[in-house]
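Spelled out, the chains give:
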Amino acid sequence: MTQHLPALVTLLAVLLMFGTAFAVGRARGRYGIHAPATSGHPAFERAFRVQMNTLEAALLFLPTLWLAAAYGFAFWAGIAGLAWLAGRIWYALAYLREASRRGAGFALGMLAWVATLLMAVLGLGQAMLAG
Amino acid sequence: MTQHLPALVTLLAVLLMFGTAFAVGRARGRYGIHAPATSGHPAFERAFRVQMNTLEAALLFLPTLWLAAAYGFAFWAGIAGLAWLAGRIWYALAYLREASRRGAGFALGMLAWVATLLMAVLGLGQAMLAG
Amino acid sequence: MTQHLPALVTLLAVLLMFGTAFAVGRARGRYGIHAPATSGHPAFERAFRVQMNTLEAALLFLPTLWLAAAYGFAFWAGIAGLAWLAGRIWYALAYLREASRRGAGFALGMLAWVATLLMAVLGLGQAMLAG
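Just so it is clear, the structure is predicted and the values come from calculations on it, not from any experiment.

Peer 1: Can you explain the overall build of chain A? Please cite residues and give values.
Peer 2: The secondary structure content of chain A amounts to three helices and zero strands. Traced from its N-terminal end to its C-terminal end, chain A shows the element sequence α-α-α. Burial status across chain A gives 50% buried among its 131 residues. Long-range contacts, defined as pairs at least 24 residues apart, comprise 69% of the intrachain contacts of chain A with a sequence gap of at least 6.

Peer 1: Could you give me a rundown of helix α2 (residues 42-97) of chain A, with the residues and numbers involved?
Peer 2: Along its 56 residues, α2 of chain A runs just 10 Å from first to last C-alpha, ending more than 12% under the 82 Å computed at 1.5 Å per residue. Remark: the principal bend of α2 of chain A, roughly 140°, maps to phenylalanine 73 of chain A.

Peer 1: I'd like to hear about the interface of chain B and chain C, residue by residue, with values.
Peer 2: Contact with chain B, which involves 15 residues of that partner, is made by 17 residues of chain C. Class assignment for the residues of the side of chain B that touches chain C results in 13 nonpolar, two polar and no charged.

Peer 1: I'd love a proper account of the relation of the copies chain A and chain B, names of residues and values included.
Peer 2: Note on the copies: chain A fits chain B at an RMSD of 0.0 Å, the axial shift is 0.0 Å, and the rotation between them is 120°. Overall, the copies show the geometry of a three-fold rotation axis. Within chain A, leucine 59 of chain A has its C-alpha nearest the rotation axis, a separation of 4.9 Å.

Peer 1: Residue-level account of the environment of leucine 108 of chain A, with values.
Peer 2: Residues and elements named next belong to chain A. As for its position among the elements, leucine 108 is in helix α3 (residues 103-129). Each C-alpha atom, one on leucine 108 and one on methionine 52, is 18 Å from the other, the two residues being 56 residues apart in sequence. Setting aside its immediate chain neighbours within four residues, leucine 108 contacts Ala83, Ala86, Gly87 and Trp90.

Peer 1: Describe in detail the interface of chain A and chain B, supporting the description with residues and values.
Peer 2: Counting residues at the interface gives 15 residues for chain A, matched by 17 residues for chain B. At the level of elements, α1 (5-31) and α2 of chain A are the ones that each hand at least two residues to the side of chain A that touches chain B. It is α1 of chain A that contributes the most residues to the side of chain A that touches chain B, eight residues altogether. Across the side of chain A that touches chain B, the residue classes tally to 13 nonpolar, two polar and no charged.

Peer 1: How would you summarise the nonpolar core if you had to cite specific residues and measurements?
Peer 2: Counting 138 residues, the largest nonpolar core has Ala68 of chain A, Ala68 of chain B together with Ala68 of chain C as the members making the most contacts within it. Excluding anything up to four places from it in sequence, alanine 68 of chain A contacts Phe73, Ala77, Thr116, Met119, Ala120 and Gly123 of chain A.

Peer 1: Tell me about the packing of helix α1 (residues 5-31) of chain B against helix α3 (residues 103-129) of chain C, and please be specific about residues and values.
Peer 2: Contact geometry of α1 of chain B with α3 of chain C gives a least axis separation of 11 Å together with a crossing angle of 155°. Relative to α3 of chain C, the element α1 of chain B lies roughly antiparallel. When you trace α1 of chain B past α3 of chain C, the crossing you get is left-handed. Where α1 of chain B approaches α3 of chain C, its residues Ala7, Leu8 and Leu11 of chain B are matched on the opposing element by Ala120, Val121 and Leu124 of chain C. Here the contact of α1 of chain B with α3 of chain C is composed, by residue class, of six nonpolar, no polar and no charged.

Peer 1: Give a detailed account of the confidence of the model for chain A, specifying residues and quantitative values.
Peer 2: Averaged over every residue, the pLDDT of chain A is 95; the share at 70 or more is 99%. This prediction of the complex comes with two scores: 0.95 for pTM and 0.93 for ipTM.

Peer 1: Quick rundown of α1 of chain B? Include the residues and the values.
Peer 2: The terminal C-alpha atoms of α1 of chain B lie 39 Å apart, and with 27 residues this matches the ideal 39 Å at 1.5 Å per residue to within 8%. Just past α1 of chain B, the residue glycine 32 of chain B takes up positive phi, approximately 65°.

The rules we used
- Sequence positions are assigned chain by chain, starting from 1 and proceeding in written order.
- The naming scheme follows written order: chains are lettered A onward, ligands numbered 1 onward.
- pLDDT decides what is reported in this predicted model: residues at 70 or higher carry local features, side-chain atom pairs at 80 or more are listed and counted, and totals for whole chains, interfaces and linings draw on all residues regardless.
- Strands are runs of DSSP state E lasting at least 2 residues, helices are runs of H or I lasting at least 4, and numbering of each runs from the N terminus.
- Exposure classification rests on a simple neighbour count of other C-beta atoms within 10 Å of a residue's own: a residue reaching 20 or more is buried, one at 12 or fewer is exposed, and one in between is partly exposed. C-beta atoms are placed from the backbone.
- Two residues form a contact once the distance between their C-beta atoms, set from the backbone, is within 7 Å.
- The span expected for a helix works out to 1.5 Å for each residue beyond the first.
- The angle between axes fitted to the seven-residue stretch ending at a residue and the seven-residue stretch beginning at it gives the bend at that residue.
- Think of it as three bins: nonpolar holds Ala, Val, Leu, Ile, Met, Phe, Trp, Tyr, Cys and Pro, charged holds Asp, Glu, Lys and Arg, and polar takes everything else, Gly as well.
- Here the copies were fitted onto each other by least squares, based on C-alpha atoms from residues at pLDDT of at least 70 in both.
- By definition, a nonpolar core groups buried Ala, Val, Leu, Ile, Met, Phe, Trp, Tyr and Cys residues that connect through C-beta atoms lying within 7 Å of each other.
- As a rule, the C-alpha atoms of each element are fitted with a line to give its axis, helices using only the stretch in contact, and angles between N-to-C directions run from 0 to 180 degrees.
- Any angle that falls under 35 degrees is termed roughly parallel, while one over 145 is termed roughly antiparallel, one within 65 to 115 roughly perpendicular, and all others oblique.
- The crossing is said to be left-handed when, going from far helix to near helix, the turn is anticlockwise and less than a right angle, and right-handed when the turn is clockwise.
- Confidence of the predictor at the level of single residues is given by pLDDT, which spans 0 to 100.

Here is the structure:
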């Protein structure tokens, strides 16, 4: 089962991205912000920033998750991935309520990303030194 | 040839993303919207939203496409991928003309994404239960 | 070592994306642009556009890099990837100073992307013809 953990984390990350897109669509309806506008109400703008920041974070995270997994850390990268998901869900829910509350979840996501980054660097470094 | 279908779909998805970026560049020139501005004319703003939404959709789609392919559904995920491409091209062309016409292509892309998502969930679920 | 080059390029591309996000955060502080706002000072807007354009470029580049690597061009795709990194770092540093200077680095990144795209097309085409 170990080797499936990064796949499970990826699937949940995709659902998280979808959830943040869904929150933007709902905010469009609720506050009457018609596409292509991306501003006009603070709550809509928060939802939009949550979505954008989640996409940005996933673009940093998914490659390091899979590099770490490919270079010998599938299990630990998967565990870091679960922490990343927890941090990013916390960030999204807190930011949707109030911009100032987004720090803690963001920091947890960041720490988990750094963990996968270090695993990728370590695994790739070892593989390159080994030829 | 079956196992190459997700690769072909990925290549075409990249070209679609490039096409939507190209449309933004052309709209910058045509309507005199100088970078870093991202607003100033409705047609430019539609082109910009088409690009952003295409990137968002690709970030949801490419991971589920490859998870489905990796867990036993390369052919059917590839077929769903062709439908996704059709929906997203339709969406882009319609939205560039008029924001209100973007629904049908968006819905087709969404359905095709859900198909790859279900394949990924099913394939991963079976693999995890099998150990 | 050849087969690790695309992995190394991917890791460096992730660090580049992180660097451009970091520059946005620093510009938020320096120019007092509080989230969720994404405008308000030209230097902040340039940093924001650099980040967005880097994400867009990485979304075009990483799939073609890995398709080229998977279909027999790991070494040359890795070399093109180093050129892509050079172009995108040049682009970012130049654009952060002045919007009009972003052309040359952008062009180098684009050329390197086209190189990986052609390798992916060639490799996939050969594989599909071979059955």
